[in-house]
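Here are the chains, one letter per residue:
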Amino acid sequence: MPRREPKPAPDFAVDFLADWRTVVHVDNPPAIAQGWTLHGTVRKHGKTYALAWRRGMTSACNERGDLLSLTALERSHVSLAVEFKSAPGWETVPKYEQPPGPFMFTWGG
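Residues numbered from 1 in each chain as written. Predicted model: local features only at pLDDT ≥ 70, side-chain atom pairs only at ≥ 80, totals over all residues. Heavy atoms only, no water.

A.B. asks: Explain the pattern of salt bridges to me, please; I cannot follow it from the model alone.
C.D. replies: For side chains of opposite charge, pairing can occur when their charged atoms come near one another. As enumerated under the stated definition, the model contains 4 salt bridges in all. The residue D19 makes a salt bridge to R21 at a minimum N-O spacing of 2.9 Å. Take R21: its relative accessible area is 53%, and that puts it in the exposed class. Put simply, R64 and D66 hold a salt bridge, and the shortest N to O gap is 3.2 Å. Using a relative accessible area of 51% as the deciding quantity, one classes R64 as exposed. (Salt bridge = Lys/Arg side-chain N within 4 Å of Asp/Glu carboxyl O. Buried < 20%, exposed > 50% of the residue type's maximum accessible area, 1.4 Å probe, protein only.)

Next comes the structure, spelled out in structure tokens:
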């Protein structure tokens, strides 16, 4: 059986201290109107996007203010950077209260 070539590491980096206004070039982005909070940036495949936050969810926002989805691995990378305090500026990210009840999330939230 031939040996497989190793895959390169994914090109993904999070910066909680960067200003999202340098990425989004719209005065009132549609993401904010939809209830998202923009804070920090994320670099994905060589392009920089604003990091969008909502209770229990993270996403990316392009230069027009439209939301782009992050993969499950990328979302977990962002949440683990906050949880384990491994990225500078982790204490500045938006925090949301846990919903009452036994569940960790709310639908539509």
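A.B. asks: For this particular structure, what's the right way to read the packing of aromatic side chains?
C.D. replies: To describe a pair of aromatic rings, you give the distance between the ring centres and the angle between the ring planes. Per the counting criterion, the structure on display carries 1 aromatic pair. Geometrically, the ring pair formed by F16 and W53 is tilted, given 6.1 Å between the ring centres and 50° between the ring planes. Separated by 37 residues along the polypeptide, F16 in the loop between β1 (12–15) and α1 (30–33) and W53 in strand β3 (residues 47–54) bring together distant segments of the chain. With respect to burial, F16 and W53 carry one shared label: buried. (Phe/Tyr/Trp six-rings, centres within 6.5 Å; stacked < 30°, edge-to-face > 60°. Helix = DSSP H or I, 4+ residues; strand = E, 2+ residues; numbered from the N terminus.)

A.B. asks: Would you take a moment to explain the environment of R75 for this structure?
C.D. replies: Relative to the elements of secondary structure, R75 occurs in helix α2 (residues 72–83). For R75, a relative accessible area of 28% puts it in the partly exposed group. Remark: the alpha-carbon pair of R75 and A60, spanning 15 residues in sequence, is separated by 9.9 Å. Other than its neighbours up to four places away in sequence, R75 contacts M57, T58 and L70. (Contact = heavy atoms within 4.5 Å.)

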